[in-house]
Amino acid sequence: MNTQVTIAGVTLKNPVMTASGTFGSGMEYAEFMDLSRLGAVVTKGVANVPWPGNPTPRVAEVYGGMLNAIGLQNPGIDVFLERDIPFLKQHDTTIIVNVCGKTTEDYVEVVEHLAEEPAVAMLEINVSCPNVKEGAIAFGQKADALFGITKEVKRHAKQPVIMKLSPNVTDIAEMARAAEAAGADALSLINTITGMKIDIHKRAFALANKTGGMSGPAIKPVAVRMVYQAAKAVKIPIIGMGGIANAEDAIEFLLAGATAVSVGAMNFVNPYTCVEVVEGIERYMEQYHVESVTDLIGAVRE
Amino acid sequence: MKQKHTAKVLSQQEIALAIYDMWIETPLAADARPGQFVGIYPKDKSTLLPRPISICETDAARGALRIVYRIAGAGTREFSGYREGDAISLLGNLGNGFPLEQGCGKRAFLMGGGIGVPPILELAKRLEARKDIIAGYRDANLFLGEDLAKYGTLHIATEDGSAGTKGNVMDAVRENGLEADIIYACGPMPMLRAIKAYAGERDIPAYLSLEEHMACGVGACLGCVVKTKEIDHHSHVHNARICTDGPVFEAKEVEI
């Protein structure tokens, strides 16, 4: 049984990753699991300088999921390279760094810093965070803007580039094609869906930011649909995510066309989720006599 | 070592209106410290996130810990229906807890307001100090008073004056002419702000247990931050994580 998958020349021991922003740089969850069990750790978004993020409340529960408006709080690339990368290097897993920025120059600055770090296998470019006013999603909601930022990042990146797409668009296939045309090596989707919650007793927004990104099992059907549409539109590999709670969910994404998957909000619900997904995929492969996990990619019957 | 596991409910009763008192058999009891909390997961899958609930008391001999909580929504309503022998899903032990050594041998205020009263009990049990325990409630719907009185001098304040001093915990301090060298407190934000101001005027340390909406409970999601005076060692911005760097902070460290 072979659980390996390859994305842009980088081979992962299995197709299970952590979704950026739900797993820090792995330190907190290393208390619960052996990070070496994971196909990859995708870090929390890192910018060129420290970002303070949004005011609280930053999180709220909704039916079958949650809203967050953290606002990409992060310690900046210098601390990240000194502290987080050496920590992750101790584990036998692939390191993918999520990069955020307000301007093209911000993204490029981080990408250039990371180019000097051979332990970083891939970059994931966050052009889809709905919770910051500048940059981020502004690059991810128009095909020409996405094309531009992808092209610029690719020009400076030493590692393969994954563009993380927003679901808050009219046509995900058009966005996927724009990123591919600009040279993206892979796509990841979906980021959170913009949502809102109002406390009727206080007549107040549940989040200080008013809107937040929705994640959790309730968004999974939207995510599976978008992964399917994106996979149909492009040839580059896709990392699927959105509400994955168990191996069955993960396999759904693979069948829809994802080469790998990420576990996000469900890490908060069960800190052992990632490892349980890895083990569940193996059991499914045994049960259905699947020799290579790659046989599942896009294998839904049309 | 933090862990998520399934534990067993030993007992549960409603001790005041909508206030529930549950004992849980769990190995987490062995090293739980006062001021720490557990995350409790509802079984209803529409409610996903762990509910942060403070540890009220531990009984290492029985391997049990006690939580006293108020029904605040769907999750806590579900917990309130648990009976002896039911399974309960826990994540713990979370947070730093109250520093005991700082108060050793001193005159200490142990202040709890509303559903901030429960963590004061284990603190009162373990803190070796001259303890004035000041518990504030909305009305005569009191709870934990008898337990608290065993470990120090208990003063009650109620907003409507139906028991003890009319007013809040600070009013009880003034009315009884109390003095302290150190303060420990848990309660609503206006109470904690008043204590921070009082401690600042007298230049005494005050350890405040803060509350915020949380998702992961283990420091990964950065949902539950508090503004800090200095740049935080972990975040490298003026934010500390209440779930892991707290929930207890020295009042001078935080902007509340």
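Reading the values: the criteria
- Residues numbered from 1 in each chain as written.
- Chains lettered and ligands numbered in written order.
- Predicted model: local features only at pLDDT ≥ 70, side-chain atom pairs only at ≥ 80, totals over all residues.
- Heavy atoms only, no water.
- Helix = DSSP H or I, 4+ residues; strand = E, 2+ residues; numbered from the N terminus.
- Rg over C-alpha atoms; globule rule 2.2 N^0.38 Å.
- Buried < 20%, exposed > 50% of the residue type's maximum accessible area, 1.4 Å probe, protein only.
- Contact = heavy atoms within 4.5 Å.
- Areas by Shrake-Rupley, 256 points an atom, 1.4 Å probe, with all protein chains shown as cover.
- Lys, Arg positive; Asp, Glu negative; His and termini not counted.
- Charge placed at Lys NZ, Arg CZ, Asp CG, Glu CD.
- Salt bridge = Lys/Arg side-chain N within 4 Å of Asp/Glu carboxyl O.
- Polar contact = N/O pair within 3.5 Å; in protein donor to acceptor, adjacent residues only side chain to side chain.
- Pairing = 2+ DSSP bridges.
- Axes fitted to C-alpha atoms, helices over the stretch in contact; angles between N-to-C directions.
- Core = buried A, V, L, I, M, F, W, Y, C linked by side-chain atoms within 4.5 Å.
- Domains from an automatic or database assignment.

## Description of the overall build of chain A
- Of the regular secondary structure elements, chain A holds eight helices and 16 strands.
- For 302 residues, the compact-globule formula gives about 19 Å, and the C-alpha radius of gyration of chain A, at 18 Å, lands near that figure.
- The proportion of buried residues among the 302 residues of chain A is 63%.
- In chain A, the share of contacts with a sequence separation of at least 24, taken over all contacts with a separation of at least 6, comes to 70%.

## Looking at the overall build of chain B
- The helix and strand tally for chain B stands at five helices and 16 strands.
- What you see for chain B is a C-alpha radius of gyration of 17 Å, in line with the 18 Å of a compact globule of 256 residues.
- With the C-alpha coordinates of chain B rotated into their principal frame, the extents come out at 50 × 45 × 35 Å.
- For chain B, the proportion of its 256 residues judged to be buried stands at 59%.
- Considering only intrachain contacts with a sequence separation of at least 6, the fraction spanning at least 24 residues in chain B is 60%.
- Surface accessibility of chain B: about 10,200 Å² in total, with carbon and sulfur atoms responsible for 49%.
- Within chain B, the 33 negative side-chain charges are centred at a point lying 3 Å from the centre of the 29 positive side-chain charges.

## Considerations on the interface of chain B and chain A
- The interface of chain B with chain A comprises 32 residues on the first partner and 35 residues on the second.
- Among the salt bridges present, the one from Glu61 of chain A reaches Arg51 of chain B, with a minimum N-O distance of 2.6 Å.
- Along the contact surface separating chain B from chain A lie 13 residue pairs in polar contact (both at pLDDT 80 or more).
- Contributions of two or more residues to the side of chain B that touches chain A are made by strand E1 (3–16) and strand E15 (239–241) of chain B.

## Section: the sheet that holds strand E11 (residues 193–196) of chain A
Residue and element names in this part refer to chain A.
- Across the sheet, which stays open at both edges, the four strands sit in the order E5-E6-E14-E11 with antiparallel pairing between neighbours. Looking at strand neighbours, the two that pair on one side only are strand E5 (59–62) and E11, the edges of this open sheet. When strand polarity is set aside, the average angle formed by the axes of neighbouring strands in this sheet is 40°.
- In this structure, E11 lies alongside strand E14 (residues 211–215), joined through four bridges in antiparallel fashion. Of the residues in E14, the one forming a bridge with Met196 is Thr211.

## Notes on the nonpolar core
- In terms of nonpolar packing, the biggest core is built from 145 residues, with Ile125, Met163, Leu187 and Leu189 of chain A together with Met111 and Ile183 of chain B touching the most fellow members.
- Both domain 1 (3–94) and domain 2 (101–253) of chain B contribute no fewer than three residues apiece to this core.
- Discounting residues that sit within four places of it in the chain, Leu187 of chain A has contacts with Ile162, Met163, Leu165, Ala176, Ala179, Val234, Ile236, Pro237, Ile238 and Ile239 of chain A.
- Membership of the second largest hydrophobic core comes to 26 residues, among which are Ala16, Val117, Ile133 and Ile182 of chain B.

## What to know about the environment of Leu65 of chain B
Residue and element names in this part refer to chain B.
- Of note, Leu65 is situated in strand E6 (residues 64–70).
- Taking the relative accessible area as the measure of exposure, Leu65 reaches 0% and is therefore buried.
- Note: C-alpha distance between Leu65 and Glu159 (94 residues apart in sequence) is 30 Å.
- Apart from the residues lying within four places of it in its own chain, the contact partners of Leu65 are Met22, Trp23, Ile24, Thr26, Leu28, Ala29, Ile55, Glu57, Thr58 and Asn93.

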